[in-house]
Amino acid sequence: MNTSEFNPLYEQIIEDLMYQKFSIADHFFSLEEVMVLRKSLLKKFKENHFKKSAIGNQANEKIVDAVRGDFIFWLDEANADEAETLYFNRINDFVQYLNRTCFLGIQDKEFHYALYPEGTFYKRHLDTFQNDSRRKLSMVCYLNEEHWQIDFGGELTIYLNENGVETERNIVPEQGRMVIFESQVLEHEVKPVKQPRLSITGWLKTR
């Protein structure tokens, strides 16, 4: 690999995934790019394009407020606006890097905007289905207001197993932060939020 192909940020993410199954990248997108994405999300939410989230895959979807309370808008790369095209271009670059250096075989992806209203949450779960194991990496990019405070809630809690002992890692959804983790390995939840929590959430998938 020559130096023009080497990406230090991607390499750090890969190393994190190898050793701890998750990675936190605070500069995956610039703050200017984050603000463009945030503006796009809020515009679509204001225009009532979002729908209540469900649990299960498309073959077995159901809305359960006691489990999950966010509203979502699925992104379509073929019909992406300027902000979403920016997002997909970066994700595609990351995928190409992963496939070239790690041979992960990522062939597909799915992403949606997510907005958690005040008082909502997402109970502990795993990002895979009994009849569909294509999701390999989960990705969450936070589009919250600047200087998100811990007492605003909405932490992403990842459950880890360290030498047979379960531990928790609570990740504050700070503006611009990208969290990437193994979809089939790490259970996680979104703690109750005390003010609207915005993100792009999705998965890198094999065929």
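Each chain has its residues counted from 1, following the order in which its sequence is written. Only residues with pLDDT of at least 70 are given local features in this predicted model, and only at 80 or more are side-chain atom pairs given and counted; all residues enter the totals for whole chains, interfaces and linings. With hydrogens and water stripped out, all remaining heavy atoms of the structure feed into the side-chain values.

For the rest of this paragraph, the subject is the environment of L198. Labels follow the DSSP assignment, with helices taken as runs of H or I lasting at least four residues and strands as runs of E lasting at least two, numbered in each case from the N terminus. As for its placement among the helices and strands, L198 is situated in strand β11 (residues 197-205). Relative accessibility decides the category of a residue: with a 1.4 Å probe and only protein chains considered, values under 20% of the type maximum give buried, values over 50% give exposed, and everything between is partly exposed. Here L198 falls in the buried class, since its relative accessible area comes to 3%. The sequence separation of L198 and Q20 amounts to 178 residues, and the corresponding C-alpha distance is 26 Å.

The next thing to look at is unusual backbone geometry. Outside of glycine, negative phi angles account for most residues, and trans bonds account for most peptide bonds. Positive phi outside glycine occurs at K21, with the angle close to 75°. With respect to the element layout, K21 can be found in the loop between α1 (8-20) and β1 (22-25). Its identity as a non-glycine residue notwithstanding, F103 has a phi of 55°, on the positive side. Here F103 falls in the exposed class, since its relative accessible area comes to 71%.

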